[in-house]
Amino acid sequence: ADKEAYPVLLGNGNKLEGGDVEGTDRHYAVWEDPFPKPSYLFCIVAGNLGSVSSSYTTVPSGREVHLEVYSEPENVSKLGHALESLKKSMKWDEDTFGLEYDLDVYNVVAVNDFNMGAMENKGLNVFNTAYCLADPKSATDSDYERIESVIGHEYFHNWTGNRVTCRDWFQLTLKEGLTVYRDQEFSGDMMQSHAVKRIEDVSSLRGRQFAEDAGPMSHPVRPDSYISMDNFYTATVYSKGAEVVRMYRTLLGKDGFRKGMDLYFERHDGDAVTCDDFLSAMGDANGVDISQFLRWYQTNGTPTVKYSSKYDDESKTFYLTLSQESNSDEPLLIPVSVGLLDKESGEEVVATKVLELKEKEQTFEFDGLNGDVLPSMLRGFSAPVKLVRAEADASEEEDLAFLAARDTDGFNRWEAGQKLYTSLIFQTLDGNHEESKTLDYVEEAFGRALNMDGNDYSIQAYALTLPSESTLAEDMTVVDPVALHKARGSVRESLARKYFSEIRAKYDELTNAMESSGSGEDIKLDATSIGQRRLRNVLLAYLCCIKDTAEERDAASELAMKQFESSYGMTDRYSALNCLASMDGEDSVVARRDAALQKFFDDAEGDALVLNKWFMCQALADLPDVLDRVKALVNHPDFTLTNPNRCSSLISAFTMNAAHFHAEDGEGYKFLGEITAEVDKLNPQLSSRMGRGLIQWRKYSEERGALMKSALQQLADMKPISSDLFEVVSTSLKE
């Protein structure tokens, strides 16, 4: 390649030689990968790139590995976090699974224009800059955590995907589901809180994958067929696939799972294998028959587990009956983790026990109890199912309040609170919330979370956060996004008003603590500091949702503006901007909003990832004219349909602004259809993802559904249309 234009030449494996081509302006490099690999892992990179580098010595062999992370020269100052994350990933895989890196060089290349998040090409990963670049002024805490997770994910592929790869694309979850599980465990260890990580992952699963399972593109984790494989890099294959792997760990235990992994690598290193091979290794290593578990790979949709219980005082025995419903003709093997709490004292009398639900219905007995107990069900979300009581019971919410206060399982304590919030939101939606005790239970749970002791600030933040609209929508037969948004907002405002003084006091306390610790430009990324910022910004959002009167709007916008102007780090600054972006009303309020947006834009100084946040913030704003604003931003000089990140930051973000995207006039659907048609000419992978914003038309009212279907039909009638987009729209239109 031309040496001046392409000074960096990279390939898979180890570099054998390089130099100038005599008599020309060109140079060359020779790379060799000593390990066999499928063709999709081959990669070469040539470009004008800057980099940061370091080294890592593997254990136990002592191999010194040269590490280097490359990107466009203007991005080099933001590569340090990715490099450190890579070192952490290498050590974690050695410590946790005994897996060492096998080459002398590990290179990562991050580029501004990339369709996917990242790609695990052997020894030469290619990354979207969104998952690699970070500094305190441009990246939020979530960005830092996401980068660490994705760097880990691609590194972990070296064994689960590269050394042992898939026989065919139908087995994609074999490498992706397993590697997502591994990166989730890695992130939980790095956060020093698996409960926090579990809450985040389950929230994401319910908000995205459950919707996919309930829609026209529903498929098993191992799909049966496809037109374009690009359409099956899905939440089902990745996130539900990770839950399937987690169930092996739950059923076999930590040591049993490790034995299964060891046998899997021993048998299949250098091979292209199937999901069945992984299952066999897990079963054989532990001497158990888990062939029934294979049905998880063959069954689409989200199963439902129902439960009922009774306590027999005479025999001092507690009976727990579980039943299952799914799209499988035969029962699935479902691990249900359960603990029992004494109803009087709240003491845990039976620690977490994994029940194996193998039949359509089974009853499990717990004897030797000295009083009635309350079951803590599906602890840690031990299976990707919907859990419901077999029969509605007037005591259900009282039981949830008990669990929200006393459950010893951190995830289930959070889960009980979420179910109470959900119940109140739906009662508000139906207009009958004043006739029940639910509000009392919710206020009690919220108040307790607000005054939680200790320094697990992230758990506290999530305990105060209402379920997302996308999660709530999964529990509705017919979704009315506008009414749902209003009901959720009403509950949020009610809590904010009741606990305003306490919320403000806690917000000020955190603000003072952060200022006295001398944060300033020294943004700390430890779990406590991240948790403090997370909690403070949840509190800010509550304080800013009180805006019925001119005085309240002025106070809310002034508080958000104060945080915006005083914050150095992106986390606090962007949270304040998101609050301001939804402010409307008096001239002074609008002036603060517009000034903050302009300041954020100016301070970005063209930084692509910061500008993406600027576009996204406005696309998600809760303003009556948000669609007009989005249309205007399409014509902004910094917007382009040719860059996947920029396009998604505005267009895809708007589709997540459900109450406005699903406005009854259908203009949101029309807008998305027109933009998707344009993008299909440029980037079929991106257009097929955008088209998914219309495919759930059966979940909405007849009027909304007809408008969504019409937009889909117009896309289906396009000539030409890419195979990627055609598969999505044609599948969703099938009656």
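Just so you know, these numbers come straight off a predicted model, no measurement behind them.

(A) Main features of a nonpolar patch on the surface. Where nonpolar side chains cluster on the molecular surface, the patch consists of L16, V21, Y28 and V30 and spans about 300 Å² of accessible area. Summarising the element assignment, L16 is placed in strand β2 (residues 14-20). Residue classification places L16 among the exposed residues on the basis of a relative accessible area of 52%.

(B) Here's a closer look at the sheet that holds strand β9 (residues 124-128). On the basis of which strands lie adjacent, the open sheet formed by 5 strands has the order β5-β6-β7-β9-β8 and mixed pairing. Two strands in the sheet have a free side with no partner beyond their single neighbour: β5 (50-57) and β8 (118-119). Relative to β9, β8 is paired through 2 bridges, and the arrangement is antiparallel. Its bridge partner being in β9, A118 is matched across the sheet by F127.

(C) Representation of helix α14 (residues 500-516). Compared with an ideal rise of 1.5 Å per residue, which puts 17 residues at 24 Å, α14 spans 24 Å between its outermost C-alpha atoms and is within 8% of the ideal. Buried residues of α14: I503, K506, Y507, L510, T511 and M514, and no others. For α14, the angular spread of buried residues about the axis comes to 135°, placing them on one side. More than 90 degrees from the buried face of α14, the exposed residues found are S501, E515 and S516. Where α14 is buried, its residues touch α10 (438-450), α11 (457-463), α13 (481-498), α15 (527-544), α16 (550-566) and α17 (570-581).

(D) Spatial organisation of the packing of aromatic side chains. Overall, the coordinates contain 29 aromatic pairs when judged by the stated rule. With a centroid separation of 5.0 Å and an interplanar angle of 85°, the aromatic rings of Y264 and F278 are classed as edge-to-face. Pair noted here: Y264 is in helix α5 (residues 235-268) and F278 is in helix α6 (residues 275-286), with a separation of 14 residues, a long-range link. Residue classification places Y264 among the buried positions, given a relative accessible area of 2%. A relative accessible area of 2% places F278 in the buried class. Note on Y574 and F600: the rings are 5.9 Å apart at their centroids and 35° apart in plane angle, and the pair reads as tilted.

Each value, and the rule that gives it
- Residues numbered from 1 in each chain as written.
- Predicted model: local features only at pLDDT ≥ 70, side-chain atom pairs only at ≥ 80, totals over all residues.
- Heavy atoms only, no water.
- Patch = residues over 30% accessible without salt bridge, like charges linked within 9 Å, V, L, I, M, F, W, Y side chains within 5 Å.
- Areas by Shrake-Rupley, 256 points an atom, 1.4 Å probe, with all protein chains shown as cover.
- Salt bridge = Lys/Arg side-chain N within 4 Å of Asp/Glu carboxyl O.
- Helix = DSSP H or I, 4+ residues; strand = E, 2+ residues; numbered from the N terminus.
- Buried < 20%, exposed > 50% of the residue type's maximum accessible area, 1.4 Å probe, protein only.
- Pairing = 2+ DSSP bridges.
- Expected span 1.5 Å × (residues − 1).
- Arc of directions from axis to C-beta.
- Contact = heavy atoms within 4.5 Å.
- Phe/Tyr/Trp six-rings, centres within 6.5 Å; stacked < 30°, edge-to-face > 60°.

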